[in-house]
Amino acid sequence: MTRPAGTRTLVTVSGEIDIDTEQTMQHALRLALARSPAGVDLDLTGVGFCDCSGLSVLLRVRRIALADGKTLGVRALSPWVERLFTLTDTLPLFTHARAPVNGVVNAWHGHHEHSAATHNPTEENEVSDEAEELRVEVVQLKRAMVTRPVIDLARGVLMASFGLSPDEAWNVLVDVSQHTNTKLHQLAEDLVDSVNGTPLPGHVQERISTAVAEGSRPA
């Protein structure tokens, strides 16, 4: 949901921001940014899940905003998003919404500000871009540390159950995730739980069978 807020636009986001929704999120934010004279502020209190894909979108749109002499800020956030920002130390990049000065926006807090005689906005933006890339890499690694073990276990379940190779098992996971509208990490957890006796939903079982059959057909 978007609404004008003076020279800025307030965008309220709810639900999950991940690899399945990142393109929709990016399109919506870029559209709001294009229509706003000064920039966009985000209300993320309704976001129940956000991973490295979501953070990458926010950083990408922030960079576009700065290039246009605007800013992307965060007014409010959910505990999940706050934890993600805290782990990656990226919240300071979104906790300001100052108007551009001579077409350049300072990307850091006041203790990084200098007088016009000593401050080089170009250098600051270059440092900011490098910092963003490093922080995205950090959150991707940390997210992978959490989700990769269960995904690897799920691949092992498929490999043992259907005689698949690691790549074939991965393709089945992705196929089932897309066709059943199930998050990949959730699907992996459900598969692992099924080994302990928790049955998979019928439509998921059917899609697994279909994906395995399609993957085993001769090219």
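Calculation notes
- Residues numbered from 1 in each chain as written.
- Predicted model: local features only at pLDDT ≥ 70, side-chain atom pairs only at ≥ 80, totals over all residues.
- Heavy atoms only, no water.
- Buried < 20%, exposed > 50% of the residue type's maximum accessible area, 1.4 Å probe, protein only.
- Helix = DSSP H or I, 4+ residues; strand = E, 2+ residues; numbered from the N terminus.
- Pairing = 2+ DSSP bridges.
- Right-handed = clockwise from strand over helix to strand, strands pointing away.
- Axes fitted to C-alpha atoms, helices over the stretch in contact; angles between N-to-C directions.
- Contact = heavy atoms within 4.5 Å.
- Lys, Arg positive; Asp, Glu negative; His and termini not counted.
- Salt bridge = Lys/Arg side-chain N within 4 Å of Asp/Glu carboxyl O.
- Polar contact = N/O pair within 3.5 Å; in protein donor to acceptor, adjacent residues only side chain to side chain.
- Core = buried A, V, L, I, M, F, W, Y, C linked by side-chain atoms within 4.5 Å.
- pLDDT = per-residue confidence, 0-100.
- Parallel < 35°, antiparallel > 145°, perpendicular 65-115°, else oblique.
- Left-handed = near helix turned anticlockwise from the far one by under 90°.
- Nonpolar A, V, L, I, M, F, W, Y, C, P; charged D, E, K, R; others polar.

Caption draft 1: Molecular detail of the pairing of strand β3 (residues 39-50). Of all twelve residues making up β3, nine are buried, and the element is well covered by its neighbours. Bridge count between strand β2 (residues 8-17) and β3: nine bridges; the pairing is parallel. By the bridge assignment, isoleucine 17 is partnered in β3 with cysteine 50. Crossover handedness for the path β2 to helix α1 (residues 22-35) to β3: right-handed.

Caption draft 2: Just the sheet that holds strand β1 (residues 2-5), in detail. In space, the four strands of this open sheet follow the order β1-β2-β3-β4, with mixed pairing throughout. The open sheet has two edge strands, β1 and β4 (71-77), and neither has a second partner. Neighbour to neighbour, the strand axes of the sheet diverge by 30° on average, direction disregarded. Running at roughly 140° to β4, helix α2 (residues 52-67) makes contact with β2, β3 and β4 of the sheet.

Caption draft 3: Layout of the side chain of lysine 70. Locating lysine 70 in the fold gives a position in the loop between α2 and β4. With no salt bridge to any partner, buried lysine 70 finds its closest opposite charge in aspartate 68, at an N-O distance of 5.2 Å. A distance of 2.8 Å separates the side chain of lysine 70 from the backbone oxygen of serine 36, its partner in a polar contact.

Caption draft 4: Local environment of the nonpolar core. With 25 residues, the main nonpolar core has Leu29, Leu42, Leu44, Leu58, Phe85 and Phe94 as its most contacted residues. Those elements that place two or more of their residues in this core are β2, α1, β3, α2, β4 and α3 (79-88). Once residues within four sequence positions are removed from consideration, leucine 58 is found in contact with Met25, Leu29, Leu42, Leu44, Leu72, Phe85 and Phe94. One finds Leu158, Leu173, Val176 and Ala211 within the second-largest nonpolar core, a separate group that totals 18 residues.

Caption draft 5: Layout of the confidence of the model for the protein chain. Per-residue pLDDT for the protein chain averages 77, and the proportion of residues at 70 or more is 74%. With pLDDT under 50 throughout, residues 97-124 is counted as low confidence; its partners more than four residues away or in other chains account for 41 contacts.

Caption draft 6: View of the packing of helix α5 (residues 166-180) against helix α6 (residues 184-195). Interaxial distance between α5 and α6 falls to 9 Å at its minimum, and their mutual angle equals 115°. Viewed along their axes, α5 and α6 adopt a mutual orientation that is roughly perpendicular. When you trace α5 past α6, the crossing you get is right-handed. Of α6, the residues touching α5 (which contributes Trp170, Leu173, Val174, Val176 and Ser177) are Leu184, Leu187 and Leu191. Split into classes, the residues belonging to the contact of α5 with α6 amount to seven nonpolar, one polar and no charged.

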